[in-house]
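Given next are the chains, with one letter for each unit.
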Amino acid sequence: MSSHTNDGHTNDYVPHAPGYVDNEGPKVVTSRFTYEDSFTLERSLATGGYDGLKAALAKSPAEVAQEVKDAVVLGRGGAGFPAGVKWGFMPQIWPRYLVVNGDESEPGTYKDRLLMERDPHQLIEGCMIACYALGLNQCFLYVRGEMPLAHERIATALNEAYAAGYVGKNVMDTDVSIDIVLHWGAGAYIVGEETALIESLEGNRGQPRLKPPYFPAAKGLYYQPTIVNNVETLANLPWLMVNGAEAYKTMGSEASPGTRMLAVSGHVKRPGVYEVEQGVVTFRELFYDDNYCGGIRDDNDLKMFIPGGGSAPWFFEDQLDIPMEGRTVGAAGSMLGSGALVVMDETTDAVKAALRVVRFFARESCGKCTPCREGTSWEEKVLQRILDGHGRPEDIDLLLEIGTNISPGTYPVASFGDAGLDAVPFPPKQTTICPLGPSSVAPITSAIRRFRDEFEAKIDASADGGVAAVDAESEPVVAAAGGH
Amino acid sequence: MSRLNAANVTLANEIISHYPKKKSALIPLLHLAQEQDGYVADDAMEHIAELVEVTPAEVLGTCSFYEMFKRHPVGTYMINVCTNISCQLLGGEELLHHAEQTLGIRPGGTTDDGMFTLEDVECIAACTEAPCLQVNYRHEYRLSTDDFDRLVADLRSGKRSDIPAHGTLGTVRQHIPADRRAGIKHPDDEGTPAWFASRQPAES
């Protein structure tokens, strides 16, 4: 089998990227994932593809929107806002646009790429259903630049779908006409923020827009009403249209119906991307059950885990029995975010792990807001010197103070039973336009609250001659310890 | 240093036609320039500015914001090693260190023979397959240092023809045939789709 390329050559099928684990449980968005040719139109049509669009077109747009609202389809990108409610924020103004956020780049997140690569027709169908419900005829699929296989498969799928009449003029022989355009990102985490995504789609630097307006639904692409939805959110719609809101709500919990794609990485025996019912399965089940990750590697003890991507405050042993859904995780001081779980065992250096996540935010800060631009690089610098054995006794307080300048007030954290400390619920406050800067505070606050002794040990070692500094023979210890 | 060639100008105009406003095509066109030359040349940016009717400075402003756009030639193969948290936990930093030693360059550097450029990158969405890297943005998974050496040897000996030249993103492009197009118009010329008005209940 072959596909057309730019220069007229043909390509054999590129195999699927690894990662997906076909576990027991309901399948809403991964039902085709185990087919080798899951991304082709033939496979899609042979397994119910575009039946959801057909069902939607038989209803009025308002009825379709109501179905999505009734099903309580929570956004799968990070904030977990109900898609149906978001759609309702659109004023009666045209033209209006749908922008699909496929810029997946939150540390630990690996699900939208699989959804785009393995089942692009499901996503296209979801886009068409959303466009129909919203009464708009232009959709832009913004896919992260570093995902060429996703681009190739979506481009092929769109070319097939246009030719077969599922997208474009007179969809499925009706009067409905909708265009979907595949757009290429170019490497910028911040573009995952919806107003930055819109700026990027307008050809600009990807910097978030000043709020208000708080939602692009009011003023988005070209300052027209715009809905930005995550890939996974839209991938749920074909199933929903075929089976209905009532069936959808039989999965998951009452507040969070349906499933989530969860990527579990780090120190587990079987890392992978699992489709899991929301609010039913607990973290403990996900990490330890044989149906999922099968335990911590080498049967080590769990030290901490990130429940929802690099931006999420860390969880610990105490939080293992929380059922995984936005509401409960938020109340416990973090977020399920983008469904990215990073598991760290007892061998992990908490300072080193915090530094790596913070360094990510320092590198990805767009530079628009001073607290984030300056604060994230200071956080990185201070953590780096603690790790390098040049920490100062005041550095722990300094780190917390920098955090307060980016996110004022008490930062969300998990409870710490042994120390008698309660949870502070999500989300954090912010002195910045977008949550990137405040996210950098999460690993710092989490690590210091729980492992202050590890920070202090590193700093003490520096103060009395610097054990770590002596190890680094090539380092000019005196000059570095003197500071600047 | 070159402007877009004739074939790419045709392609550029097709891409521009996919957007309600020309400037929206800027990032895809920068990718096109990078695909042509392996990097984004100054002349190409000026050419793109003409095509989308903005100033060259605006093109540079956008180009310089995004990590994937290189404004100088890079190695034949760009090796991007992920060291973000999931990869760090399973040896991503050690892999990067090994790559530095093996290639004799630091992140950002290019080998003297122009074969490899090394980068220390952020999460590339393959976290369950750590540690991972990309070669010209094509993923490689769960690499040991031996795997890395083998990869480099294969690249040097031309065994990896599946990896296209730097700058080639997708090998397939979206083409919308004129007779299948719903109709993409400038926002000023666009109104409520007729089908929507006719399908909504009279009073909503």
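Residues numbered from 1 in each chain as written. Chains lettered and ligands numbered in written order. Predicted model: local features only at pLDDT ≥ 70, side-chain atom pairs only at ≥ 80, totals over all residues. Heavy atoms only, no water.

Digging into the packing of helix H1 (residues 6–16) of chain B against helix H3 (residues 42–52) of chain B
When two helices pack together, their arrangement is captured by the angle between the axes and the distance separating the axes.
Residue and element names in this part refer to chain B.
In step 1: With their axes 11 Å apart at the nearest point, H1 and H3 run at an angle of 45 degrees to one another. Compared by their axis directions, H1 and H3 come out oblique. Relative to H3, the crossing made by H1 is right-handed. Here Val-9, Ala-12, Asn-13 and Ile-16 of H1 come into contact with H3, specifically with His-47, Leu-51 and Val-52.
In step 2: Counted by class, the contact of H1 with H3 contains five nonpolar, two polar and no charged residues. (Axes fitted to C-alpha atoms, helices over the stretch in contact; angles between N-to-C directions. Helix = DSSP H or I, 4+ residues; strand = E, 2+ residues; numbered from the N terminus. Parallel < 35°, antiparallel > 145°, perpendicular 65-115°, else oblique. Left-handed = near helix turned anticlockwise from the far one by under 90°. Contact = heavy atoms within 4.5 Å. Nonpolar A, V, L, I, M, F, W, Y, C, P; charged D, E, K, R; others polar.)

Some points on the sheet that holds strand S3 (residues 97–102) of chain A
Residues and elements named next belong to chain A.
In step 1: Ordered by their spatial adjacency, four strands build an open sheet running S5-S4-S3-S6, and the pairing between neighbours is parallel. Taken across any chain shown, the strands that pair with only one partner, and hence form the sheet edges, are strand S5 (179–184) and strand S6 (226–230). Neighbour-to-neighbour, the strand axes of the sheet open up by a mean angle of 20 degrees, direction not taken into account.
In step 2: Lying over the sheet, helix H7 (residues 148–164) contacts strand S4 (138–143) and S5, oriented at roughly 165 degrees with respect to S5. (Pairing = 2+ DSSP bridges.)

Section: the interface of chain B and chain A
In step 1: In this complex, chain B contributes 69 residues to the contact, which on the side of chain A involves 97 residues.
In step 2: For the chain B and chain A pair, buried surface summed over both sides reaches about 6,800 Å², with 56% attributable to carbon and sulfur atoms.
In step 3: The tally of links from chain B across to chain A stands at seven salt bridges.
In step 4: Measuring nitrogen to oxygen at the nearest pair gives 3.7 Å for the salt bridge that ties Arg363(A) to Asp120(B).
In step 5: Connecting chain B to chain A are 43 residue pairs in polar contact (both at pLDDT 80 or more).
In step 6: Mapped by element, the contributors of at least two residues to the side of chain B that touches chain A are helix H2 (26–37), helix H4 (56–63), helix H5 (85–89), strand S2 (116–121), strand S4 (138–140) and helix H8 (194–199) of chain B.
In step 7: In terms of residue count, H2(B) provides more of the side of chain B that touches chain A than any other element does, five residues in total.
In step 8: For the side of chain B that touches chain A, the residue count by class is 30 nonpolar, 22 polar and 17 charged. (Buried area = accessible area lost by both parts, 1.4 Å probe. Salt bridge = Lys/Arg side-chain N within 4 Å of Asp/Glu carboxyl O. Polar contact = N/O pair within 3.5 Å; in protein donor to acceptor, adjacent residues only side chain to side chain.)

Quick notes on the packing of aromatic side chains
The description of two aromatic rings rests on the distance between their centres and on the angle between their planes.
Residue and element names in this part refer to chain A.
In step 1: All chains considered together, the criterion is met by 25 aromatic pairs over all chains.
In step 2: Between the aromatic rings of Tyr-50 and Tyr-166, the centroid separation amounts to 4.2 Å while the plane-to-plane angle is 20 degrees, which identifies the pairing as stacked. Taken together, the residues Tyr-50 in the loop between helix H1 (41–46) and helix H2 (51–57) and Tyr-166 in the loop between H7 and S5 connect sequence positions 116 residues apart. Across the pair, Tyr-166 and Tyr-50 agree in class, each one buried.
In step 3: Residue placement shows Arg-96 over the ring face of Trp-94; its charged tip is 4.0 Å from the ring centre. (Phe/Tyr/Trp six-rings, centres within 6.5 Å; stacked < 30°, edge-to-face > 60°. Buried < 20%, exposed > 50% of the residue type's maximum accessible area, 1.4 Å probe, protein only. Lys NZ or Arg CZ within 6 Å of the ring centre and 35° of its normal.)

Some points on the sheet that holds S4(B)
All names here are of chain B.
In step 1: Here four strands make up an open sheet; going across it, the order is S2-S1-S3-S4 and the pairing mixed. Each of the sheet's edge strands pairs with one partner strand only, and the pair in question is S2 and S4. The mean inter-strand angle of the sheet, taken between neighbouring strand axes irrespective of direction, is 25 degrees.
In step 2: Across six bridges, the pairing between strand S1 (residues 77–82) and S2 is parallel. The partner of Tyr-77 across the bridge, within S2, is Phe-116.
In step 3: Against the sheet, helix H7 (residues 145–156) makes contact with S1, S2, strand S3 (133–135) and S4, and its axis sits at roughly 5 degrees relative to S3, the strand it touches most.

Here we look at empty space enclosed by the protein
In step 1: Summed over all chains, the structure comprises five cavities of 30 Å³ or more.
In step 2: In this structure, the largest cavity spans a volume of roughly 190 Å³.
In step 3: Put simply, the parts of the chain that give the lining of the largest cavity at least two residues each are helix H13 (350–364) of chain A together with S2 of chain B.
In step 4: Approximately 160 Å³ is the volume found for the second largest cavity.
In step 5: Taken together, 15 residues form the lining of the second largest cavity, with Trp184(A), Ile15(B), His18(B), Arg173(B) and Gln174(B) sitting closest to its centre.
In step 6: Every element with two or more residues in the lining of the second largest cavity is listed here: H7 and S5 of chain A together with H1 of chain B.
In step 7: A per-class count over the lining of the second largest cavity returns nine nonpolar, four polar and two charged. (1 Å grid on protein atoms, 1.4 Å probe; cavity = no way out; pocket = protein on both sides within 12 Å on 5 of 7 lines; lining within 4 Å. Points joined across faces, edges and corners; volume = space filled by probe spheres on them.)

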